[in-house]
Amino acid sequence: MAASGCAALIYEIVWLQLLQLVIGSSAVSLGLLLAAYMGGLCAGSALLARFVPPDRNPLRVYAGLEAGIGILGFAVLFGIPIIGRLYLAGPTGLIARGLVAAVSLLPPTLLMGASLPAVARWVGTSRPGISRMGFLYSANIAGAVAGCLIAGFYLLRVFDMATATYAAAALNALVALGAMLLARAPVNQRSIPRREPKAPVRVEGARLVYTAIALSGLTALGAEVVWTRLLSLLLGPTVYTFSIILAVFLLGLWGGSSAGSSLARRVENPRLALALSQVVLASTLTWTAYTLAHSLPFWPVDPWLSLDPWFNFELDLARATWAILPATLLWGAGFPLALASVTAGGEDPARIAGKVYAVNTAGSIIGSLAFSLWLIPAVGSRQSQQVLIAVAAIAAVFAAASVPEFGKRRLRVIAAAACVELAGWGLAATVEDVPWQVIAYGRRMAPIVRAFDLYDRANPTKVLFRGEGVNSSVLIAERAGQRHFYVSGKAEASTAILDMRLERMMGHVPALIHPAPHSALVVGFGAGVTAGSLTRYPELRSLTICELEPFIPPASTEFFGKENYDVLHDPRTRMVYDDARHYIFTTREKFDVITTDPIHPWVKGTSVLYSKEYYQLVKQHLNSGGVVAQWLPIYDSDPETIKTELATFFAVFPEGTVWSNNLNGDGFDLVLLGQAQPQAINIDAIQARLDHPSYSPVLQSLSDVGFHSAVELLATYAGRARELQPMMAGAQINEDLNMRLQYIAGLGLNSMAYQQTYKTILKYRRFPEDLLVGAPGGRMDALRTLLR
């Protein structure tokens, strides 16, 4: 069971990443994937007892299930590309996305869900048998902990999704073989019903227990959604952070289910124990809310103290454990206690285990979807945590009401329920929002706040906007006359001159290199400055902007409308609220200019916008003469990360160029440019356009950030692919099947070597006589001088 759980977690991570490449990574797409995955587990657990006769050897059934999972694991790996091509051939709406998720995930997850009910028939329904059933469930979760860590920190970091699939399938094969060998051992016939009862045994109060365990599943997955959102702000949303959070969550479930399994054998009244666990759960939920708001943000943790990522992972593990472990122990204990609470002698063990597992999983599906798609965007994480505490108190009431002794004393039950619920609401009232600095500064909150307190108290920060959406948390603040735009613990834009230069460069450099841009696609709205820069061009007829978070464009327009020229309300602008990768994958449109300005590559899931396959898609959607611009941050990156980013882009655009946003000789950001048909850049032609009266808005937009001529703009040239080949030697390519960049970048985000890396890039720069052309003397001489 442990090996099976390990394989299942590896599959889950791999399958969800693979399918996001087809149907996108928007919150709705992720919700469909989660619903299909967990829905299969739910249905499989409920259906096994109906379709598999109880006189079949349970271990042989289990072996068949494991073998089937391994075979379907291969089928998903090799079948998803085919499914992707079929998906492109038809409509790509929500129904089609749901069908892709269902076709890919339901077959293997049905078998996964059936595994616990299958082995439940081996242990029977006696009190020791129910306890063993709980221990089997616990072992499965222990394996899931191992699978989470092995996949996140080794298999996917070192190898790729295909290798991870092979490893999981090998585990399935070993489990199937082991189960077949065990099936040859003598069977305790008393533990296996020779025939299915004509009707399920009716257990008084069982429905109340099922309701309680369903609500327990709802709070567990709802809390996981909320806590992952908040902890990823504090720890940094790397792939490693998500692995650590999930591992701690599963570790608590394992410890709790082990304790609950032992308790189920010893206590006379498991229903009362279940009720008490839910009462204590409400208190531990309050503890986590308090810790996230008042404790963890103020731990004096400075990520720059050590550049060793593994040291920082230890700190992350300690913080996640401190915050969420207590509640997860109680959720884990609930499952075996619920099994013991609904068991009656003579009933098919598979039916009992399947039903408890199914209702718990059904509650989990509702909780994850409700909190991620509705509650957090509607009322925020603070009130979502209050709802969790209240629901835990309600679950305690249902569990208590199922206790036979309580059922005979209705007034006492009502009074106790009222007290528990009032106590739950009282605890919920104490929950507060996390400090706004968590959304702004994230994992670097402690050192940044300390620096402001010590050196800049005269300029307090004024929060202008704070919001939580289905995908991210956003803060807009003003300090010392400058406005800053933060997303999920990272500064993404500001009115500071250095940031404004970059954002304008992302729009103007590709648009001026193109002779006459009529259409443009901007990936990521942000503060809207890059998109707004493109509206200055008189030839532009259509501007498509892809944004994942719907509330960002209105908020940015309110506070950055002057800087982005109110691009949201420009009649040429069309907003597409979808994952950009999915939009480019499915659209048939082509563009003259495509700019990609995603969040940092160390953020989990973002590497799909830095992959070789993504650049190939972008290249296919360029019109003749089209230009693509890609943002590449060199801060928060180590040399290995930057080399991988450059090598991946240049693998698709072998004549690509590098342009730098620098200040006083120091580099902070790069802009990579690529063309399907590379052409020379004529400095005189660009200046002639800037001098034309129709281009006065373009020249003014450039002058506002310090570029007063074509010479000054083109002087940001920093090199090109052919010159940088020695630097990129041995660099790994970020591909869809390995997502290598998010693992490399996640290890190097505390690096302080970005200035040295920038100087290394400039070391290879030569004046490109065949690329930057113009009339002899004058501007060309000035450009050579500036580049020297």
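Bear in mind that the values here come from a model prediction, so they are computed numbers and not experimental data.

Rules used in this analysis
Residues numbered from 1 in each chain as written. Predicted model: local features only at pLDDT ≥ 70, side-chain atom pairs only at ≥ 80, totals over all residues. Heavy atoms only, no water. Helix = DSSP H or I, 4+ residues; strand = E, 2+ residues; numbered from the N terminus. Rg over C-alpha atoms; globule rule 2.2 N^0.38 Å. Buried < 20%, exposed > 50% of the residue type's maximum accessible area, 1.4 Å probe, protein only. Contact = heavy atoms within 4.5 Å. Areas by Shrake-Rupley, 256 points an atom, 1.4 Å probe, with all protein chains shown as cover. Salt bridge = Lys/Arg side-chain N within 4 Å of Asp/Glu carboxyl O. Polar contact = N/O pair within 3.5 Å; in protein donor to acceptor, adjacent residues only side chain to side chain. Core = buried A, V, L, I, M, F, W, Y, C linked by side-chain atoms within 4.5 Å. Pairing = 2+ DSSP bridges. Axes fitted to C-alpha atoms, helices over the stretch in contact; angles between N-to-C directions. Phe/Tyr/Trp six-rings, centres within 6.5 Å; stacked < 30°, edge-to-face > 60°. Parallel < 35°, antiparallel > 145°, perpendicular 65-115°, else oblique. Left-handed = near helix turned anticlockwise from the far one by under 90°. Nonpolar A, V, L, I, M, F, W, Y, C, P; charged D, E, K, R; others polar. Patch = residues over 30% accessible without salt bridge, like charges linked within 9 Å, V, L, I, M, F, W, Y side chains within 5 Å. Expected span 1.5 Å × (residues − 1).

A.B. asks: Describe the overall build of the protein chain, listing the residues and the values that go with them.
C.D. replies: Counting secondary structure elements, the protein chain contains 28 helices and 14 strands. In terms of overall dimensions, the protein chain is globule-like: its C-alpha atoms have a radius of gyration of 29 Å, near the 28 Å expected for 788 residues. Taken along its principal axes, the extent of the C-alpha atoms in the protein chain is 100 × 55 × 45 Å. Looking at the protein chain as a whole, 59% of its 788 residues are labelled buried. In the protein chain, the proportion of contacts linking residues at least 24 apart, taken out of those at least 6 apart, comes to 81%. Of the roughly 29800 Å² of accessible surface on the protein chain, a fraction of 62% belongs to carbon and sulfur atoms.

A.B. asks: I'd like a description of the environment of L65, backed by residues and values.
C.D. replies: Tracing the backbone through its elements, the reader meets L65 in helix α3 (residues 58-89). Residues L65 and N172, spaced 107 residues apart in sequence, show a C-alpha to C-alpha distance of 9.1 Å. Filtering out sequence-adjacent residues up to four positions away, L65 remains in contact with L48, L111, A114, S115 and A118.

A.B. asks: Describe the pattern of salt bridges, naming the residues involved and giving the relevant values.
C.D. replies: A complete count under the given rule lists 18 salt bridges for this structure. A salt bridge links R127 to E268; the nearest nitrogen and oxygen atoms lie 3.7 Å apart. Here R127 is found in helix α5 (residues 127-158), whereas its partner E268 is found in the loop between α8 (239-266) and α9 (270-295), with 141 residues between them in sequence. According to the relative accessible area criterion, E268 is exposed, its value standing at 68%. Put simply, E640 and K643 hold a salt bridge, and the shortest N to O gap is 3.9 Å. A residue pair is termed a helical-turn pair when its members lie 3 or 4 positions apart in one helix, as E640 and K643 do in helix α21 (residues 639-652) at 3 residues. Ionic contacts of the salt-bridge type, sharing partners, join the residues E655, R720, R722, E723 and D770 into one network.

A.B. asks: Pulling in residues and values, what's your account of the side chain of T286?
C.D. replies: Looking at where T286 falls in the secondary structure, it is placed in helix α9. Looking at T286, its side chain comes within polar contact range of the main-chain oxygen of A282, at 2.9 Å.

A.B. asks: How would you explain the nonpolar core if you had to name every residue and give the values?
C.D. replies: Core analysis: the biggest nonpolar cluster contains 241 residues, and W227, L285, L292, W331, L543, L646 and W659 have the highest contact counts within it. If sequence neighbours within four positions are ignored, W227 has contacts with S232, F249, L285, T288, L292, I324, A327, W331 and Q385.

A.B. asks: Just give me the short version of the environment of F335, but keep the residues and values in it.
C.D. replies: Note on placement: F335 falls in helix α10 (residues 309-341). Accessibility expressed as a relative area gives 2% for F335, which makes it buried. Separated by 233 residues in sequence, F335 and A102 have C-alpha atoms that sit 27 Å apart. If sequence neighbours within four positions are ignored, F335 has contacts with L116, Y137, I213, V356 and Y357.

A.B. asks: Talk me through unusual backbone geometry; I want residue IDs and the actual numbers.
C.D. replies: Phi is positive for S488, close to 50 degrees, though the residue is something other than glycine. Exposure remark for S488: the relative accessible area of 13% places this residue in the buried category. Residue Y565 is not a glycine yet carries a positive backbone phi of 55 degrees. Mapping Y565 onto the fold places it in the loop between α18 (552-560) and β7 (573-576).

A.B. asks: Summarise the pairing of strand β2 (residues 473-479); cite the residues concerned and give the values.
C.D. replies: Judged by how many residues are buried, β2 sits mostly within the fold: 6 of 7 residues are covered. Where strand β1 (residues 462-468) lies against β2, 6 bridges are found, and the strand directions are antiparallel. In the strand pairing of β2, E468 is matched with S473. Where β2 lies against strand β3 (residues 482-487), 6 bridges are found, and the strand directions are antiparallel. Opposite A477, over in β3, you have H484 as the bridge partner.

A.B. asks: Explain the sheet that holds β3 to me, using residue names and the numbers behind them.
C.D. replies: An order of β1-β2-β3-β4 is seen for the 4 strands of this open sheet, with the pairing classed as antiparallel. In the strand order of this sheet, the two ends are held by β1 and β4 (490-494), each with one partner. Mean inter-strand twist for the sheet, computed between neighbouring axes without regard to direction, equals 20 degrees. Bridge analysis of β3 against β4 gives 4 bridges, and the strand direction is antiparallel. Looking at β4, one finds that Y486 is bridged to A491.

A.B. asks: Go over the sheet that holds β7, please, and point to the residues and values.
C.D. replies: Overall, mixed pairing links the 8 strands, which are arranged β7-β6-β5-β8-β9-β11-β10-β13 in an open sheet. The open sheet has two edge strands, β7 and β13 (717-720), and neither has a second partner. Each neighbouring strand pair of the sheet contributes to a mean axis angle of 20 degrees, computed without reference to strand direction. Note: strand β9 (residues 622-633) against strand β11 (residues 666-675), 7 bridges, orientation antiparallel. Its bridge partner lying in β11, V628 is registered against G674. Relative to β11, helix α27 (residues 754-763) is tilted by about 50 degrees, and along the sheet it contacts β10 (657-663), β11 and β13.

A.B. asks: Give a detailed account of the packing of aromatic side chains, specifying residues and quantitative values.
C.D. replies: The geometry of an aromatic ring pair is captured by two quantities: the separation of the ring centres and the angle between the planes. Counted by the stated rule, this structure contains 27 aromatic pairs. With 5.8 Å between their ring centres and 85 degrees between their planes, Y441 and Y486 make a pair best called edge-to-face. Taken together, the positions of Y441 in helix α14 (residues 436-441) and Y486 in strand β3 put the pair 45 residues apart, joining distant regions of the chain. Since its relative accessible area comes to 8%, Y486 is described here as buried.

A.B. asks: Help me get a handle on the pairing of β3, residues and values and all.
C.D. replies: Count of turn residues in the β2/β3 antiparallel hairpin: 2 residues, of which A480 carries a positive phi of about 55 degrees. The hairpin formed by β3 and β4 contains 2 residues between the paired strands, and S488 there has a positive phi angle of roughly 50 degrees.

A.B. asks: Can you lay out the packing of α9 against α10 for me, pointing to particular residues and giving the numbers?
C.D. replies: Relative to each other, α9 and α10 sit at 165 degrees, their axes nearing to 8 Å. Relative to α10, α9 is oriented roughly antiparallel. With respect to the hand of their crossing, α9 and α10 are arranged in left-handed fashion. Of the residues assigned to the contact of α9 with α10, the class counts are 18 nonpolar, 7 polar and 1 charged.

A.B. asks: I'd like a rundown of the packing of helix α7 (residues 206-235) against α9, residues and numbers included.
C.D. replies: Between α7 and α9, the least distance of the axes is 12 Å, while the angle of their chain directions is 15 degrees. By the angle class used here, α7 and α9 are roughly parallel. The chirality of how α7 crosses α9 is left-handed. Residues A206, V209, S216, T219, W227, L230, L231 and L234 of α7 form the contact with α9, whose own contacting residues are R271, L274, Q278, L281, L285, T288 and L292.

A.B. asks: I'd like to hear about a nonpolar patch on the surface, residue by residue, with values.
C.D. replies: Taken together, the side chains of V28, L94, L373 and W374 make up a nonpolar region of the molecular surface, amounting to roughly 390 Å² of accessible area. With respect to the element layout, L94 can be found in helix α4 (residues 94-123).

A.B. asks: Which residues make up helix α1 (residues 2-23), and what values do they have?
C.D. replies: In a regular helix each residue adds 1.5 Å, so 22 residues correspond to 32 Å; α1 covers 31 Å between its end C-alpha atoms and thus fits that length. Backbone geometry just downstream of α1 places G24 in the positive-phi region, at approximately 95 degrees.

A.B. asks: So what's going on with the environment of N623? Residues and values would help.
C.D. replies: One can find N623 in strand β9. Since its relative accessible area comes to 24%, N623 is described here as partly exposed. The spatial distance from the C-alpha of N623 to the C-alpha of F559 is 34 Å, given a sequence separation of 64 residues. If we skip the residues at most four places from it in the chain, N623 touches S519, K590, F591, D592 and Q677.

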